[in-house]
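# Structural features, examined
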Amino acid sequence: VEATRIADIAREAGTSTGTVHYYFETKDDVLLAALESANDQPYARMDELLGREADDLSRLATLLELSIPYPGPQREEWVFFLELWGRILHRPELLAAAESTDSRWRNYFFDVVRSGTANGTFRPIAPPDEVADRLVALVDGLGLKAVLGGSWMTPERMREILLRFAADELRVSHEELDRLATHA
């Protein structure tokens, strides 16, 4: 993103720089629009998959599996977010837009943990919202390392840690969560 110019974006889009500038004031505005557009597809997929699951343990398993930056579209989504988070360090005014996008993601965790706690599927070791925050933080931290390609944090290792942590935090069977996540 840093080396990309508006002219590069216009060329890739098959239009003029004037047209790009008509719709976007800065390159960061293009990045935000690309992120929002890129998110529509995975969020629609997530809504469909989570809506199809009959129980909260299956919904959690699906959500965790979709959180892992496996090579392909899931990794590309992570890269978009990393680019945005990096830009925020230099342009703090982007934080509000990033938080808006991020809140949708976080809400999936809060919804499934709250629902599973309310119906007795989960018996969290802390208040449900705190456990949801912990899950989101772990996904973010491990996902960052997995996307960057560190040798000690592969997507498979992230999956292993994430599923075990979620099972412990929510007092559910790790084996069952793993089985359900495998079929997500």
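Scroll up a little and you will see the structure.
To keep things clear, this report deals only with the structure shown in the data block.

Calculation rules
Residues numbered from 1 in each chain as written. Predicted model: local features only at pLDDT ≥ 70, side-chain atom pairs only at ≥ 80, totals over all residues. Heavy atoms only, no water. Helix = DSSP H or I, 4+ residues; strand = E, 2+ residues; numbered from the N terminus. Contact = heavy atoms within 4.5 Å. Phe/Tyr/Trp six-rings, centres within 6.5 Å; stacked < 30°, edge-to-face > 60°. Buried < 20%, exposed > 50% of the residue type's maximum accessible area, 1.4 Å probe, protein only.

### What to know about the environment of Trp78
Relative to the helices and strands, Trp78 is located in helix H5 (residues 73-88). Sequence separation of Trp78 and Tyr43 is 35 residues, and the distance between their C-alpha atoms is 13 Å. Those residues in contact with Trp78 that sit more than four places away from it in its chain are Ser67, Ile68, Pro69, Val139, Asp140, Gly143, Leu144 and Val147.

### Description of the packing of aromatic side chains
Each aromatic ring pair is summarised here by two numbers: the centre-to-centre distance and the angle between the ring planes. One pass over the structure, following the stated rule, counts three aromatic pairs. Considering the side-chain rings of Phe81 and Trp85, the 5.9 Å spacing of their centres and the 40° angle between planes classify their relative orientation as tilted. Here Trp85 and Phe81 lie together in helix H5, a separation of four residues that amounts to about one turn. Judged by its relative accessible area of 13%, Phe81 is buried. Residue class for Trp85 comes out partly exposed when judged on its relative accessible area of 30%. Between Trp105 and Phe109, the ring centres sit 5.2 Å apart and the planes meet at 80°, which makes this aromatic pair edge-to-face. Of this pair, Trp105 and Phe109 both sit in helix H6 (residues 95-118), four residues apart, roughly one helical turn. Under the relative-accessibility criterion, Trp105 is labelled buried at 12%.

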